[in-house]
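Each chain, written out:
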Amino acid sequence: MLAFIAAFSAEAAVTLSPQFANDMVLQRDKPTILQGYSDKPETLDIYMDGIKLQSAEIEKGVWNLTFPAQAAGGPHKLGIRTSSQWIELNNILFGDIWLASGQSNMEYTLGTAGSDYETEVLSADFPEIRQFRVERNAAYQGPLDTIAKGHWTTAQGNELKAFSAVGYFFAKHVQAHTGIPIGIINNAFAGARIQAWMSESALAAYPKETSLLKRNKEPSNIEHLRQIDETRYQQWQDKLAFEDLGLRHKWFTEHLNDSHWPQLTVPGFWTSQGQEPFSGSMWFRRTFWVSAEQANEATRLELGRIVDQDEVYINGEKVGGTLYQYPQRLYSLNPGVLKPGTNQITVRVVSHHLAGHAGFVPSKPYQLKFEDSLISLSGLWRYQVGHRMNKPMPSPEFKINEQPSVLYNAMLAPLANMQFKGVIWYQGESNVEEPAVYRSLFPTMITQWRTLLSQPTLPFIYVQLANYLEAQQDPSNAGWADIRAAQTSGLVLNNTAMISAIDLGEWNDIHPKNKAAVGQRLAFAALNKVYNKPSFAFQGPALTCAQTLSDNKIEVHSKFYPLEITGSDNNVQGFAISENGSHYRWVEGELTPTSVILKVKDAHKIATISYAWQSNPTRANLSNDKRLPAYPAKLPVKSRCNIDEK
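The rules behind the values
- Residues numbered from 1 in each chain as written.
- Predicted model: local features only at pLDDT ≥ 70, side-chain atom pairs only at ≥ 80, totals over all residues.
- Heavy atoms only, no water.
- Helix = DSSP H or I, 4+ residues; strand = E, 2+ residues; numbered from the N terminus.
- Buried < 20%, exposed > 50% of the residue type's maximum accessible area, 1.4 Å probe, protein only.
- Areas by Shrake-Rupley, 256 points an atom, 1.4 Å probe, with all protein chains shown as cover.
- Axes fitted to C-alpha atoms, helices over the stretch in contact; angles between N-to-C directions.
- Parallel < 35°, antiparallel > 145°, perpendicular 65-115°, else oblique.
- Left-handed = near helix turned anticlockwise from the far one by under 90°.
- Contact = heavy atoms within 4.5 Å.
- Nonpolar A, V, L, I, M, F, W, Y, C, P; charged D, E, K, R; others polar.
- Phe/Tyr/Trp six-rings, centres within 6.5 Å; stacked < 30°, edge-to-face > 60°.
- Lys NZ or Arg CZ within 6 Å of the ring centre and 35° of its normal.
- Disulfide = S-S within 2.5 Å.
- Arc of directions from axis to C-beta.
- Pairing = 2+ DSSP bridges.
- Expected span 1.5 Å × (residues − 1).
- Core = buried A, V, L, I, M, F, W, Y, C linked by side-chain atoms within 4.5 Å.
- 1 Å grid on protein atoms, 1.4 Å probe; cavity = no way out; pocket = protein on both sides within 12 Å on 5 of 7 lines; lining within 4 Å.
- Points joined across faces, edges and corners; volume = space filled by probe spheres on them.
- Polar contact = N/O pair within 3.5 Å; in protein donor to acceptor, adjacent residues only side chain to side chain.
- Salt bridge = Lys/Arg side-chain N within 4 Å of Asp/Glu carboxyl O.

Asker: How would you explain the overall build of the protein chain if you had to name every residue and give the values?
Answerer: Helix and strand counts for the protein chain stand at twelve helices and 36 strands. Judged by the C-alpha coordinates and their principal axes, the protein chain covers about 80 × 70 × 50 Å. Scored against the burial criterion, the 646 residues of the protein chain give a buried share of 55%. Surface summary for the protein chain: the accessible area is close to 27200 Å², and the carbon and sulfur share equals 50%.

Here you go:
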């Protein structure tokens, strides 16, 4: 609250919460509750387009004021007169406000480096689509009265770069098919566990979370943990830097003789090329040739993704670096960094872990990108170990985005008086290790949000996690399938919908680029379920029941059809069968318009069938006539399916 007050003039008697500002969208057809702060009792007169709507008395402190519902449209001017002030807000629209929340895949913006949405940003001109970005914040003592910061932007020009990509494409389709102005409230936070978005009372039955809540209420505890993390991290990095032969002997210099160094292929993990995993540094070097014209251009160095940390040098000059594995490595090079003829690039890669993959993530671009040309950097690089640490980099004891209730308190609860058309949600990656807990928490969170916002039937539409990680040949390895199954628990509540993204991900990137299709599917779900436009399809086949037809046939029924096969295969792939529910083997299927027939020897011995039940189910090819993928499923095999299961 102190930060909120300080953001305004010390002489101001009445201020508004950050979400009430120029260019805002307010929910149509519902009373609007204005919120702000006053340093003394006041009388407020509210005007819309110069016409007085009402007067109200407010007390000192945080105030709320309701004015009548307005029809969709605009732009409007909202005026507030006090005894000493005139506050005017311009370019206001009334439309539908959607709350876009979750973690990094919802936060991912159109301007994110490597997003490939430059053309969209340059061409888009949608003045009736707006976003309010709730800036990241955390609160440990309980819910705040107001958000600390935020700002509205319109879907025009460079402002579009700040939009949630999923939120933007969602809004674009909804607005196009309804003609209603759309406001996106983007309050996502990268890496957030679902527990961070839930109140203390909602987590009361979870001892781990209640213990953390109790600990975090003491500011000294938080500061102590942060200091420990910072010290341990810096000590590890300092020790590695001190022992690193590459830094000691300046292996990044241009003319170092590295002819005796062995070679590895880039891209590629060194752990996949005969090298043992270790925590520490590995240095990579190679030369490349540049024309005189290219040397005079600004260019972008693209190094895909690197596990885990990198420092990059060209001709002995450091040109970039990233401290963790997930961001795309995109480093801008000014004219003059490169020179005509032979150039030399060095990459110091730091692995944080004693086990697992390390190095250059495959199937990503490794190149220099000029305006009209490319220089590939893929191929053989020389390498040398800088130093092997005897311990992995310490994991932090305290991560803001993993603390229970902190985002609920700081970024959601302050929006309690806002009216929303619905919620779109993309989250779950940070809860992959606890699917059983997620299954319990998710419907509880949805219900709690609806209670907080005083909208018991608020539509809640969400993304089932995309395919990720290397495809596994063994169908018994469930991986991310379990968290996807846990996500279906939200569907037990009314006015919820789930879209699948198992065909939209990238095995080597937890942040897949194709946010346009995700946003479109969410929009079509909203158009279908919320705007009563049933022609918009958003869900693929949902497998409901498996029954034994004969000693060599199992029939799997689907709730949504007609069924189709994507790709060139004549048979349905992605199904697996198990006699004990633990060990699975692949089986192909034949398609009927409403079901899949699995030909299986001794079908009566099969206890369970699964479909797309893996982290990255690349075999899965079952869809509907709209090319929407079938949802992952695991079903017991029955002797007979009921009518409502077919």
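Asker: Could you give an account of the packing of helix H4 (residues 165–178) against helix H12 (residues 515–529), naming the residues involved and the relevant values?
Answerer: At their nearest, the axes of H4 and H12 sit 7 Å apart, and the two run at 45° to each other. Judged by the inter-axis angle, H4 sits oblique to H12. Where H4 crosses over H12, the two elements pack in a sense that is right-handed. Residues Ala165, Val166, Phe169, Phe170, His173, Val174, His177 and Thr178 of H4 form the contact with H12, whose own contacting residues are Lys515, Ala516, Val518, Gly519, Gln520, Leu522, Ala523, Phe524, Ala526 and Leu527. Residues of the contact of H4 with H12, tallied by class, amount to twelve nonpolar, five polar and one charged.

Asker: So what's going on with the packing of aromatic side chains? Which residues, and what values?
Answerer: Two numbers describe a pair of aromatic rings. These are the distance of the centres and the angle of the planes. Applying the stated criterion across every chain yields a total of 31 aromatic pairs. By way of ring pairs, the aromatic residues Trp197, Trp425, Tyr438, Phe442, Trp449, Phe460 and Tyr462 are connected into one cluster. Lying across the ring of phenylalanine 189, arginine 136 places its NZ or CZ 4.7 Å from the centre. Geometry around tyrosine 108 places lysine 515 over its ring, the cationic atom sitting 4.2 Å from the centre.

Asker: Outline the state of the cysteines, listing residues and values.
Answerer: What is meant by a disulfide is a covalent connection between two cysteines, made through their sulfur atoms. Under the criterion given, the structure shown has one disulfide. One disulfide in the model links cysteine 545 with cysteine 641; its S-S distance is 2.0 Å. Disulfide cysteine 545-cysteine 641: the torsion about the S-S bond is -95°, which places it as left-handed. Residue cysteine 545 is located in strand S28 (residues 543–550), and its partner cysteine 641 is located in the segment after strand S36 (633–638); the two are separated by 96 residues in the primary sequence. Residues cysteine 545 and cysteine 641 agree in their burial class; the two are buried.

Asker: Give me helix H5 (residues 207–216): which residues, what numbers.
Answerer: What H5 keeps buried is the set Glu209, Leu212, Leu213 and Asn216. Looking down the long axis of H5, one finds its buried residues gathered within 100° of arc, a one-sided arrangement. Of the exposed residues in H5, those oriented more than 90 degrees away from the buried face are Pro207 and Lys214. Where H5 is buried, its residues touch helix H6 (219–243).

Asker: Quick one: what's the story with the sheet that holds strand S15 (residues 299–303), residue by residue and with numbers?
Answerer: Strands in a sheet are paired, the pairing made by backbone hydrogen bonds, and the direction either parallel or antiparallel. The strand order S19-S15-S22-S23 describes an open sheet built from four strands, whose pairing is antiparallel. Because the sheet does not close on itself, it has two edges, and the strands there are strand S19 (330–333) and strand S23 (374–376). The average undirected angle you get between the axes of adjacent strands in this sheet is 20°. In this sheet, S23 lies alongside strand S22 (residues 366–369) in antiparallel orientation, the contact comprising three bridges. Bridging from a neighbouring strand, lysine 369 pairs with leucine 374 of S23.

Asker: Go over H6, please, and point to the residues and values.
Answerer: An ideal rise of 1.5 Å per residue puts 36 Å on 25 residues; H6 measures up with 36 Å between its terminal C-alpha atoms. Along H6, the positions that sit buried rather than exposed are Ile222, Leu225, Asp229, Trp236, Gln237 and Leu240. Check the buried side of H6 and you find it contacts H5, strand S14 (279–290), strand S17 (309–314), strand S20 (341–351) and strand S24 (379–389).

Asker: Before we move on, could you go through the sheet that holds strand S13 (residues 268–269) and cite the residues and values that matter?
Answerer: One open sheet holds the three strands; their spatial order is S13-S21-S16, and the pairing between them is antiparallel. The sheet terminates laterally at S13 and strand S16 (306–307), the two strands that pair on one side only. Bridging between S13 and strand S21 (residues 359–360) involves two bridges; their strand directions are antiparallel. Residue pairing in the sheet places glycine 268 in a bridge with phenylalanine 360 of S21.

Asker: Quick rundown of the nonpolar core? Include the residues and the values.
Answerer: By size, the foremost hydrophobic cluster in this structure holds 120 residues, and its most contacted members are Ile185, Trp197, Trp425, Met445 and Trp449. Element by element, the count of residues in this core is highest for strand S8 (residues 86–102), at nine residues. Counting residues in hydrophobic clusters, the runner-up holds 35 residues, among them Leu264, Phe288, Ala358 and Tyr366.

Asker: Hey, could you go over the side chain of serine 115 for me, with residue numbers and the actual values?
Answerer: Tracing the backbone through its elements, the reader meets serine 115 in the loop between helix H2 (104–107) and helix H3 (118–123). In contact with serine 115, not counting residues within four places along its chain, are Tyr108, Thr109 and Leu110.

Asker: An account of the layout of surface pockets is requested, with residue identities and associated values reported.
Answerer: In this structure, the second largest pocket spans a volume of roughly 550 Å³. Tallied by class, the residues present in the lining of the second largest pocket amount to 14 nonpolar, five polar and four charged.

Asker: Pulling in residues and values, what's your account of empty space enclosed by the protein?
Answerer: Tallied over the full model, the rule gives two cavities of 30 Å³ or more. In this structure, the largest cavity encloses a volume near 80 Å³. Lining the largest cavity we find Phe20, Leu26, Gln27, Pro31, Thr32, Ile33, Ile97, Asn417, Met418 and Gln419. Breaking the lining of the largest cavity down by element, the ones donating at least two residues are strand S2 (25–27) and strand S3 (32–38). Grouping the constituent residues of the lining of the largest cavity by class yields six nonpolar, four polar and no charged. Lining the second largest cavity are Asn105, Tyr426, Glu429, Leu465, Ala466, Asn467, Tyr468, Trp480, Asp509, Ile510 and Pro512. The residue inventory of the lining of the second largest cavity, partitioned by class, reads seven nonpolar, two polar and two charged.

Asker: Can you lay out the side chain of asparagine 624 for me, pointing to particular residues and giving the numbers?
Answerer: Secondary-structure assignment places asparagine 624 in strand S35 (residues 622–624). Note on asparagine 624: relative accessible area 6%, which makes it buried. Within the local environment of asparagine 624, its side chain forms a polar contact with the backbone oxygen of glutamine 539, the two atoms lying 3.2 Å apart. For asparagine 624, the side chain forms a polar contact with the main-chain nitrogen of lysine 626, separated by 2.9 Å. Discounting residues that sit within four places of it in the chain, asparagine 624 has contacts with Gln539, Gly540, Pro541, Pro562 and Glu564.

Asker: Give a description of the pattern of salt bridges that names residues and reports values.
Answerer: Summed over the entire model, instances satisfying the criterion amount to 27 salt bridges. For lysine 239, the salt bridge is made with glutamate 243, and the minimal N-O distance between the two is 3.9 Å. Taken together, the residues lysine 239 and glutamate 243, both in helix H6 and four residues apart, mark about one turn of the helix. Salt bridges linked by common partners bring Arg28, Asp29 and Asp96 together as one network.

Asker: So what's going on with the environment of valine 587? Which residues, and what values?
Answerer: If you trace the backbone, valine 587 turns up in strand S32 (residues 584–591). Look at valine 587 and you get buried, because its relative accessible area is 10%. When the C-alpha atoms of valine 587 and phenylalanine 575 are compared, they prove to be 5.6 Å apart, with twelve residues separating the residues in sequence. Sequence-distant contacts of valine 587, defined by excluding residues within four places in its chain, comprise Val572, Phe575, Ala576, Ile577, Leu598, Lys599 and Val600.

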